[in-house]
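Read off the chains here:
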Amino acid sequence: MSSVTYPQSTARADAVSARVAASRSLTLKASHTAIWLAVCAIAMSFAALTSALIVRQGTGMDWKPFVLPPILYLNTFLLLTSSATLELARKQIAGAAANSQSETRLLSHGGKWLYATLGLALLFVLGQTLAWHNLAAQGLFLATNPSCSFFYVFTALHGLHVLGGVLGLLYANRRLTLGFPFATASPLSVAAVYWHFMGILWVYLFLILRIRM
Amino acid sequence: MDQASTQKVVPHHEPPHSFIRKYIFSLDHKVIGKQYLGLGLVAAFVGMALSWAMRIHLGWPDASIPLLSKLSSNGAPGGVITPEYYLSLMTMHGTIMAFFVLTAAPLSGFGNYFLPIQVGAEDMAFPRMNMSSFWITFLGFILAAATFVIPDGPPISGWTAYPPLSAVGPDAGPGQGWGQNLWGLSIACFTIASLLGALNFLATTLDMRTKGMTLSRLPLSVWGWFITAALGLLAFAVLLPCALLLMLDRLAGTSFYIPGGLVLSDKLQPHTGGSPLLFQHLFWFFGHPEVYLIILPAFGIIGHVLPTFIRKPLIGGWRVLTACMVLIAFLSLVVWGHHMFVSGMSPYSAMLFSVPTMFITIPSIIAMLIWIFSLYGADIRFSTPSLFSLGFLSLFVSGGIGGFFLAQPSIDSYLHATYFVVGHFHFTMGMSAVFAIFAGFYYWFPKMTGRLMNETLGKVHFWFSFIGMYGIFMPMHFLGFAGHVRRYSALVDDYLIPLIPTQRFISIVALIVGAAQLVFFFNFIWSYYKGKKAADNPWEATTLEWDTASPPPFDNFGGRHLTVYHGPMEYNVEGSKGDYVMQTSPEPIGEKT
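In this text the structure is predicted, and so the values were computed from the model without any measurement. All residue numbers here refer to positions counted from 1 along the written sequence of the relevant chain. Throughout, the order in which chains and ligands are written sets their labels, letters from A for the former and numbers from 1 for the latter. Note on the predicted model: pLDDT of at least 70 is required for a residue's local features to be given, and 80 or more for side-chain atom pairs to be given and counted; whole-chain, interface and lining totals, by contrast, use all residues.

Examining the overall build of chain B
1) Next: When its secondary structure is counted, chain B shows 15 helices and 2 strands.
2) Next: Computation of the radius of gyration draws on C-alpha atoms, with the globule rule given as 2.2 Å multiplied by the number of residues to the power 0.38. Its C-alpha atoms give chain B a radius of gyration of 24 Å, near enough to 25 Å, the size a compact globule of 593 residues would have.
3) Next: If one aligns the C-alpha atoms of chain B with their principal axes, the spans along those axes are about 75 × 50 × 45 Å.
4) Next: Neighbour density around each residue's C-beta defines its exposure: 20 or more other C-beta atoms within 10 Å make it buried, 12 or fewer make it exposed, and counts between make it partly exposed, where C-beta atoms are placed from the backbone. Looking at chain B residue by residue over its 593 residues, the buried ones come to 57%.
5) Next: C-beta atoms are placed from the backbone for every residue, and two residues are taken to be in contact when these atoms lie within 7 Å. Long-range pairs, those at least 24 residues apart, make up 79% of the contacts in chain B between residues at least 6 apart in sequence. Comment: elements are numbered from the N terminus, with helices defined as DSSP H or I runs of at least four residues and strands as E runs of at least two.

Okay, structure coming up:
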């Protein structure tokens, strides 16, 4: 891992880097707050969709359950594993930082565990589209039945949020190179909050779909 | 959480240099705030023009409005509005006013401009997200406006867009093809922008306060914006899936909301099993908090402006008013069913919604009484901002009383979807919230531009608006009692014909009040260029925005990082030197925060 440091030659440069770090620290703190709030909002959206499912199933009288494609179990495993690899990535960064000399340690990237996380995420999304192919092969499309409709809506919305999380991880990875004070946390820990929520959300959605079929 | 964050002197983002960065794609919260306010003013003008067309038609159904025939030869052949086009005008009037004026201006407009300054920050927590929030909102407005220029015209389903009408597509009527699609996209843009904006507001208030700015020293306007943002996060998050399912029903053939067996325009609709009531629940779960999203920033603005002009703190300090706002926000999430009393729900469910609806009047009344009783013994300064604040009190009480009637399912069975409801919500939203917006404009114009607005024109604007708006919307309550159903484009039934003179009276007053708003527009534009130069603190107010130049420099405080010593309402304090103590003044006064 290569690292870049600010010029240490002048006292003014030191002062500037300390102030920049403080400003970034503030934004990082705000990012932490904001990501938790975003998690609340997304949870609220899926709560609304859950109640829509329950009502539609109850009042429609035309709900036809179907067997969930088995690949979903593999996808669940992939997504939860990606949470584990993300935690490994964070541990690696924290370890590297503890070994560093300067207060603000700059890293070029999150390391191999971060790439593993991204890879698993993309495999998850691929697996979800394979589940869709499985359903389509059985003649179950978006409008075929409300049960399929909700399946497609849940998986599509969750998948889009996962892809958004992938972009977020890439962005956090880039910000790692700019440095961050360890007194608060790293940009990756902000992204991790969202990422773990994606895993928990998927488990919840999977259970709801399973129970309701 | 009560520890203030230490703000270092580092530009949150670099000052802009190019024209585009300075005025168009700006990261500066002040420019973004002004952009929102500008959008709100344009949207208000469009919404008002739509209401003028509606009012002329209601009073004189055969009247010809030549401009409209140019806009839509189908909807207004020869300038005479068809019943369907009336519904289109009504739909877009409601949509544009509720979203792009009443939600955008007091929250995104003034909030973006003043929240960072009032908490002592250099900018919002996420300037780039802030900029995208504005431009996504702008796109939403363009999409809404676009519904007027497409061949089929705007949708006719109301701002509430109930299915099956809104969900089946072009078979349901004019504007139900691409008009409704564009409407849905417009709402989706607005919702996403609002969610991102709410994140910004909350994170900035929690994490970017300057030294000494504890939560107990926040100005009441900041509390208003903060509570609104929290509520908006929860409410808008439900609107998005609600609208998504509607669009899927329209475009993808699903049947979330559309029941089976519907025959429209002689065509059997290919849907089955859906529930229109499901839409109503999802929509109103958002829709009721939405109206509180409109009024809570107004509460905050009035709670901020009034003490300045009565030269004394509000009774109960910041705590009681803030507690009222929090309680209103919380209760607003559990009352949505009162919009659905006549939808066939069980009377027990109706009771479950009616009781909290009655409860929610309690914190609202406490807030009103705080403001009214704080006037006792006060040295009231009657400038235009304070007139609009006092007018707000009168209008909100008048409109709120109508709410008592509508909260009872038994009375609501009669009054639902009559003009009584139209009068009620126009009083509370269309007048009270608008008066708070005007109070904000007149109060903060000197800070934003460095010039004062003309007081005489302001007072003319106030009196015409205040008396005129009573003249427009109070008679609507009586029309409601008489059974006048809302959204009717003409009064042709026997029981409605005696009400025609009242409708004509309302229309005439509405056009006069509309003209009075032009006084405001003129005053605004003239004062922008030629108004008397304002001092930094012309109202002798205490909060942080008055401790910087007018208009504020790029980083809000010109390189200073302020320390806050006092609360926001230190007027006429015992033992202080002057009649007010600024929040940033180190002068010690005996106070309990």
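Read on for the rest.
Focus on the nonpolar core
All names here are of chain B.
1) Next: Leu202, Leu233, Cys242, Leu296, Ile302 and Ala439 are the most contacted members of the largest nonpolar core, which totals 229 residues.
2) Next: Of all the elements, helix H7 (residues 220–251) adds the most residues to this core, at 23 residues.
3) Next: The contacts of Ala439, once residues within four sequence positions are left out, are Ile301, Ile302, Val305, Pro385, Phe388, Ser389 and Phe392. When buried Ala, Val, Leu, Ile, Met, Phe, Trp, Tyr and Cys residues are joined through C-beta atoms within 7 Å, the set is termed a nonpolar core.

A short note on helix H8 (residues 276–310) of chain B
All names here are of chain B.
1) Next: Look at H8: 50 Å from first C-alpha to last across 35 residues, which is about the 51 Å you get at 1.5 Å a residue.
2) Next: To get the bend at a residue, fit one axis to the 7 residues ending there and another to the 7 starting there, then take the angle between the axes. At Trp284, H8 is bent by approximately 30°, the largest bend along its length.
3) Next: Across the 35 residues that make up H8, a large majority, 31, are buried.
4) Next: Arg311 occupies a position one or two residues after H8 and carries a positive phi of about 55°. Multiplying 1.5 Å by the helix residue count minus one yields the expected span of that helix.

Comments concerning the interface of chain B and chain A
1) Next: On the chain A side, the residues contacting the 33 residues of chain B number 29 residues.
2) Next: Put simply, the parts of the chain that give the side of chain B that touches chain A at least two residues each are helix H6 (178–207), H7 and H8 of chain B.
3) Next: At 8 residues, H7 of chain B tops the list of elements feeding residues into the side of chain B that touches chain A.
4) Next: Asp, Glu, Lys and Arg are counted as charged, while Ala, Val, Leu, Ile, Met, Phe, Trp, Tyr, Cys and Pro are counted as nonpolar; the rest, among them Gly, fall into the polar class. Across the side of chain B that touches chain A, the residue classes tally to 22 nonpolar, 9 polar and 2 charged.

As for unusual backbone geometry
All names here are of chain B.
1) Next: With omega at 0°, the peptide bond leading from Pro163 into Pro164 counts as cis.
2) Next: Mapped onto the fold, Pro164 is located in the loop between helix H5 (127–146) and H6.
3) Next: The amide bond that connects Ser550 to the next residue, Pro551, takes the cis arrangement and shows omega of -5°.
4) Next: The topology assignment puts Pro551 in the segment after helix H15 (500–530).
5) Next: For Asp266, which is not glycine, the phi torsion reads 65° and is therefore positive.
6) Next: Secondary-structure assignment places Asp266 in the loop between strand E1 (263–264) and strand E2 (267–268).
7) Next: Of note, Glu540 is a non-glycine position whose phi angle comes to about 55°, a positive value.

A few points about the environment of Phe46 of chain A
Residue and element names in this part refer to chain A.
1) Next: With respect to the secondary-structure elements, Phe46 resides in helix H1 (residues 11–60).
2) Next: Take Phe46: there are 19 C-beta atoms within 10 Å of it, and that puts it in the partly exposed class.
3) Next: For the pair Phe46 and Gly95, spaced 49 residues apart in sequence, the C-alpha to C-alpha distance is 36 Å.

Examining the confidence of the model for chain B
Parts of the model with low pLDDT should not have their predicted coordinates read in detail.
Residues and elements named next belong to chain B.
1) Next: Scored by pLDDT, chain B comes out at a mean of 94, with 97% of its residues at no less than 70.
2) Next: Here pLDDT means the predictor's own confidence in every residue, given as a number from 0 to 100. Across residues 1–10, confidence stays below pLDDT 50; counting only partners more than four residues off in sequence or on other chains, it has 30 contacts.
3) Next: Our summary of model confidence lists the complex with pTM equal to 0.94 and ipTM equal to 0.93.

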